[in-house]
Amino acid sequence: MRSILAAILNSVMLALAARAEVAPVAVRMGVPKAWIGQRISMYVDLRAPGSFVGTANFELPQIPGTLLMKIGNPVVSSKDIEGASWFVQTHEFALFSQKAGVLEIPAFAVSFARREGYVGAATEVKAKTSPVSIKIQRPADSERVGFLITTESLDVTETWDTPPGPAQVGSIFKRTIVQQSQDLPGMALAPAPAAAPDGIKVYPGNAQTKDDLVRGKFLGERRETITYLLQKSGPLTLPALTYVWWNPKSEKLQSKTLPAVTFEVAAPPVASAPAASGATLRVWRWLPLAALVAVLSIWQRRRIAEWATRCWKGLNPPRRVAARQLLRACRRGDPALAAKAWNAWRDMQAAGFQPGPELRAAILGLQRQLFGPRSAAPWHGDDLARAFKKNPAAAKTVFCHRPAPALPELNPQA
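Here the structure is a predicted model, which is why all the values come from computation and not from measurement.

Conventions used here
Residues numbered from 1 in each chain as written. Predicted model: local features only at pLDDT ≥ 70, side-chain atom pairs only at ≥ 80, totals over all residues. Heavy atoms only, no water. Helix = DSSP H or I, 4+ residues; strand = E, 2+ residues; numbered from the N terminus. Contact = heavy atoms within 4.5 Å. Areas by Shrake-Rupley, 256 points an atom, 1.4 Å probe, with all protein chains shown as cover. Salt bridge = Lys/Arg side-chain N within 4 Å of Asp/Glu carboxyl O. Patch = residues over 30% accessible without salt bridge, like charges linked within 9 Å, V, L, I, M, F, W, Y side chains within 5 Å. Buried < 20%, exposed > 50% of the residue type's maximum accessible area, 1.4 Å probe, protein only. Pairing = 2+ DSSP bridges. Axes fitted to C-alpha atoms, helices over the stretch in contact; angles between N-to-C directions.

Asks: What should I look at first to understand the overall build of the chain in this one?
Replies: Helix and strand counts for the chain stand at nine helices and 21 strands. Considering only contacts within the chain whose residues lie at least 6 apart along the sequence, 71% involve residues at least 24 apart. By element, 57% of the accessible surface of the chain is carried by carbon and sulfur atoms, the whole surface being about 25,200 Å².

Asks: What should I look at first to understand the pattern of salt bridges in this one?
Replies: When the charged atoms of two side chains with opposite charge come close together, those side chains can pair. In this structure the tally under the stated criterion is 10 salt bridges. Glu116 is paired through a salt bridge with Arg114; the nearest N and O atoms lie 2.6 Å apart.

Asks: I keep staring at a nonpolar patch on the surface and nothing clicks. Help me out?
Replies: Together, Trp286, Leu289, Leu292 and Val293 make up an exposed nonpolar region whose accessible area comes to about 440 Å². Checked against the element boundaries, Val293 lands in helix α3 (residues 287-299). Val293 gets classed as partly exposed once you look at its relative accessible area, which sits at 47%.

Asks: Please clarify how the environment of Asn343 should be interpreted in this entry.
Replies: Looking at the secondary structure, you find Asn343 in helix α6 (residues 335-347). The class of Asn343 is partly exposed, set by a relative accessible area of 35%. Taking the C-alpha atoms as reference points, Asn343 and Pro64, 279 residues apart in sequence, are found 6.7 Å from one another.

Asks: Help me understand the sheet that holds strand β21 (residues 261-266) in this model?
Replies: One key point about sheets: their strands pair by backbone hydrogen bonds, in either a parallel or an antiparallel sense. Reading across the sheet, the three strands line up as β13-β21-β18 and stay open at both edges, with mixed pairing between neighbours. The outermost strands of the open sheet, each flanked by one partner alone, are β13 (166-168) and β18 (234-238). Between one strand axis and the next, the sheet turns by 35 degrees as a mean value, whatever way the strands run. In this sheet, β21 lies alongside β13 in parallel orientation, the contact comprising three bridges. When the sheet's bridge partners are listed, Gln168 is paired in β21 with Ala266.

Asks: Explain the sheet that holds strand β2 (residues 33-35) here, please?
Replies: What the three strands build is an open sheet, ordered β2-β10-β7; its pairing is mixed. The sheet is open, and its two edges are formed by β2 and β7 (101-105), each paired on a single side. Adjacent strand axes in the sheet meet at a mean angle of 35 degrees when their direction is disregarded. Sheet topology places β2 next to strand β10 (residues 132-137); three bridges connect them, and they run parallel.

Structure follows, in structure tokens:
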């Protein structure tokens, strides 16, 4: 009898020791390498000796040039680990990166609640994942493309509010370009080019993205409306727009081109010239001085241009421009433009930069608005703007003025 009790006690102690050695969180990549702009699956396994309670929380890291988002619902299973039976809750994440090379996903915090068995009080578990990496490869001879997505198919269409053709100076045309792709969110699709010849002013619109997630698969859409203002008479031609993507199945670059369009712009009617007045005659006296200034400007145009460029960059560095664009997008309630400005500002920070808890929570809320389940409620950027201004790195970027020195005391003591 004593030998049986000793054997049972020994097995219990071994099981407890095995449980102590099993990590409560494990992370793994779906594939060891992937193409740039391709959807990559990452899985996080939560382990517990009993049933799970409530919803798990993940503090996802911010990685420059990379989008990491949670998709679908967790799957619960049972596995034998180190000789003991464990409940495993698996969460799937989708990762998209525009950075070629070895991509490092740092460790991040995870918290969840579980029981010892099927009943009893819940115990909160806080742990961290281990760092994981994946190799992102870029197709050969694709550097000229720049922003490159990976998909088996891409559908690109365009519509005009008024068909291009005969027009007059000052006419306005609006062009809507829609991209659709499977297994990619709308935010991961390339922005529409804004190339135009001299004489056409281009006003890019805010991109609208729509994502449908059915059984873990994306159907992403990106819609952009571009406005063209004709400013010069004569034939004006907008160049063809080419969208390029990498097909992982055929391992070839594929493209679709929107054809070039031409406007025949008529000159505006010429008004009759009024008779010369005394003020007009006085203007002629200043023409030699104006001509001298113009000659000097042409002669020293390179130095003047370099000086103007240095002044402009000094007053508007890229970090400050990106920060202003982020705050402007928050005021307008535009989540797509806010995400684009945040990624641009984040890429300019130091390698060890990490946003604070409040800013990290606001960014996660922005990503849930863009890539989570569709919601009828509009996005408000007040929380993101407030958290961004409180961040020390952002405060140095946006608020660059120095505080005024304190006034001396009126009656200083000896």
